[in-house]
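Below are the chains, spelled out letter by letter.
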Amino acid sequence: MNSPVVIAIDGTSASGKSTNSKLIAKALEFIYVDTGAMYRTLAWYCGQKRIDIHSEKEVSALCRKWKTTLDCVNGQVRLLVDDYYPEKEIRTAETSAAVPHVAAVPYVRDWMKKKQRECTRFGNLVMEGRDIGSNVFPETDFKFYLDACIKERSARREAEGVNENLAARDQRDSQRAAAPLMVPLGATVINNSGMTAAETSKLIIAHIVKRLHR
Ligand code: DC
């Protein structure tokens, strides 16, 4: 049997990774994996357990004994904590502020990489994140890096009702020592400023289909 195909979609915050990844997964009938949601789940869980997110030692210790399950519902992978999916809780401003700290912990990154690679058991994947093409699936032939100008990305977040300092978050994600945000080697870079999600996903799908039939 052929090994599952993994489409890696990396990029800056609000560059359209989620919208496009979902559109691509739907069009190709692949499974969608939001790895940011996995980091958010741990950040939320740290809050539940009153862990100091600035302490690498405490976060690592919590992650080490964390009991989770991977589940696939309606074509999307979910990370469950004690059989619970904290869908709303991981999108709060509090979790958004905590997540870059948790995501910078080397033990957490190794743990996440292992979990994310396990997702291939569900089938072909469209996986979005910051280090998918560079670190989680560096062997994949399908790597895309999305970006857009900061003005447009901020406007997109505001339209979602979120007021966030995206430049600061990107800077933290790019400057951390462990698996920083970067353009993966061999990635197709797409700056989608002024483009709709339909246009961006169409462009990406065309690249994928061409490569799949090469
Ligand atoms: O995509 P998002 O905003 O839900 O991601 C939440 C945070 O997790 C963000 O600060 C970047 C981090 N992240 C990461 O470091 N690596 C990933 N593969 C996915 C997200």
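Everything below is about the structure shown above.
Residues numbered from 1 in each chain as written. Predicted model: local features only at pLDDT ≥ 70, side-chain atom pairs only at ≥ 80, totals over all residues. Heavy atoms only, no water.

**Q** Pulling in residues and values, what's your account of the pairing of strand β2 (residues 31–34)?
**A** Side-chain alternation along β2 places Ile31 and Val33 on one buried face and Tyr32 and Asp34 on a second face that is also buried. As defined by bridge partners, β2 adjoins strand β5 (residues 125–129) across 4 bridges and the pair is classed as parallel. Bridged to isoleucine 31 within β5 is leucine 125. (Buried < 20%, exposed > 50% of the residue type's maximum accessible area, 1.4 Å probe, protein only. Helix = DSSP H or I, 4+ residues; strand = E, 2+ residues; numbered from the N terminus. Pairing = 2+ DSSP bridges.)

**Q** Describe the packing of aromatic side chains, and please don't skip the residues or the numbers.
**A** Applying the stated criterion to the full structure yields 4 aromatic pairs. Plain terms: the ring middles of tyrosine 45 and tryptophan 66 are 5.5 Å apart, the flat faces sit at 35° to each other, and that makes the pair tilted. Remark: tryptophan 66 occurs in the loop between α3 (56–64) and β3 (68–73) and tyrosine 45 occurs in helix α2 (residues 35–48); sequence separation between them is 21 residues. Residue tyrosine 45 shares its accessibility class with tryptophan 66, and that shared class is buried. Ring centres of tryptophan 66 and tryptophan 111 lie 5.1 Å apart, and the angle between their planes is 40°; on these two criteria the pair is classed as tilted. Taken together, the residues tryptophan 66 in the loop between α3 and β3 and tryptophan 111 in helix α5 (residues 106–118) connect sequence positions 45 residues apart. Across this residue pair, the class does not change: tryptophan 66 and tryptophan 111 are buried. The cationic tip of arginine 64 hangs over the ring face of tyrosine 107; the distance from NZ or CZ to the ring centre is 4.6 Å. (Phe/Tyr/Trp six-rings, centres within 6.5 Å; stacked < 30°, edge-to-face > 60°. Lys NZ or Arg CZ within 6 Å of the ring centre and 35° of its normal.)

**Q** Could you give an account of the site of the ligand, naming the residues involved and the relevant values?
**A** The local shell around the ligand holds 15 residues, among which Arg40, Arg109, Arg130, Asp131 and Arg176 are the closest. In this structure, an oxygen atom belonging to the ligand sits 3.2 Å away from a side-chain N or O atom of aspartate 173. One of the side-chain N or O atoms of arginine 176 is found 2.9 Å from an oxygen atom in the ligand. Alone, the ligand offers 440 Å² of accessible surface; in the complex the protein occludes 97% of this. Ranked by residue count, the leading element in the shell around the ligand is α2, at 4 residues. Class assignment for the residues of the shell around the ligand results in 5 nonpolar, 3 polar and 7 charged. (Near = heavy atom within 4 Å. Polar contact = N/O pair within 3.5 Å; in protein donor to acceptor, adjacent residues only side chain to side chain. Areas by Shrake-Rupley, 256 points an atom, 1.4 Å probe, with all protein chains shown as cover. Nonpolar A, V, L, I, M, F, W, Y, C, P; charged D, E, K, R; others polar.)

**Q** Before we move on, can you summarise the nonpolar core with the specific residues and values?
**A** For soluble globular proteins, nonpolar side chains are generally found buried alongside one another. Membership of the largest hydrophobic core comes to 36 residues, with the highest contact counts inside it found for Leu42, Trp66, Val102, Val108, Met112 and Met127. Not counting residues up to four positions away in its chain, the partners in contact with tryptophan 66 are Thr41, Leu42, Tyr45, Leu79, Val81, Trp111 and Met112. Among the nonpolar cores identified, the runner-up in size contains 15 residues, and Val5, Phe30, Leu146 and Ile205 belong to it. (Core = buried A, V, L, I, M, F, W, Y, C linked by side-chain atoms within 4.5 Å. Contact = heavy atoms within 4.5 Å.)

**Q** Summarise the packing of α2 against helix α4 (residues 93–103); cite the residues concerned and give the values.
**A** Close contact between α2 and α4 brings their axes to 8 Å; oriented N to C, the two are set at 105°. In terms of orientation, α2 lies roughly perpendicular with respect to α4. In this structure, α2 contributes Tyr39, Arg40, Leu42, Ala43, Trp44 and Cys46 to the contact, and α4 contributes Thr95, Ser96, Ala98, Val99, Val102 and Ala103. Residues that form the contact of α2 with α4 fall into these classes: 9 nonpolar, 2 polar and 1 charged. (Axes fitted to C-alpha atoms, helices over the stretch in contact; angles between N-to-C directions. Parallel < 35°, antiparallel > 145°, perpendicular 65-115°, else oblique.)

**Q** So what's going on with the pattern of salt bridges? Residues and values would help.
**A** Summed over all chains, the structure comprises 10 salt bridges. Across the pair aspartate 131 and arginine 109 runs a salt bridge whose closest N-O atoms are separated by 3.1 Å. Remark: arginine 109 occurs in helix α5 and aspartate 131 occurs in the loop between β5 and α6 (132–136); sequence separation between them is 22 residues. The buried category is assigned to arginine 109, whose relative accessible area is 4%. (Salt bridge = Lys/Arg side-chain N within 4 Å of Asp/Glu carboxyl O.)

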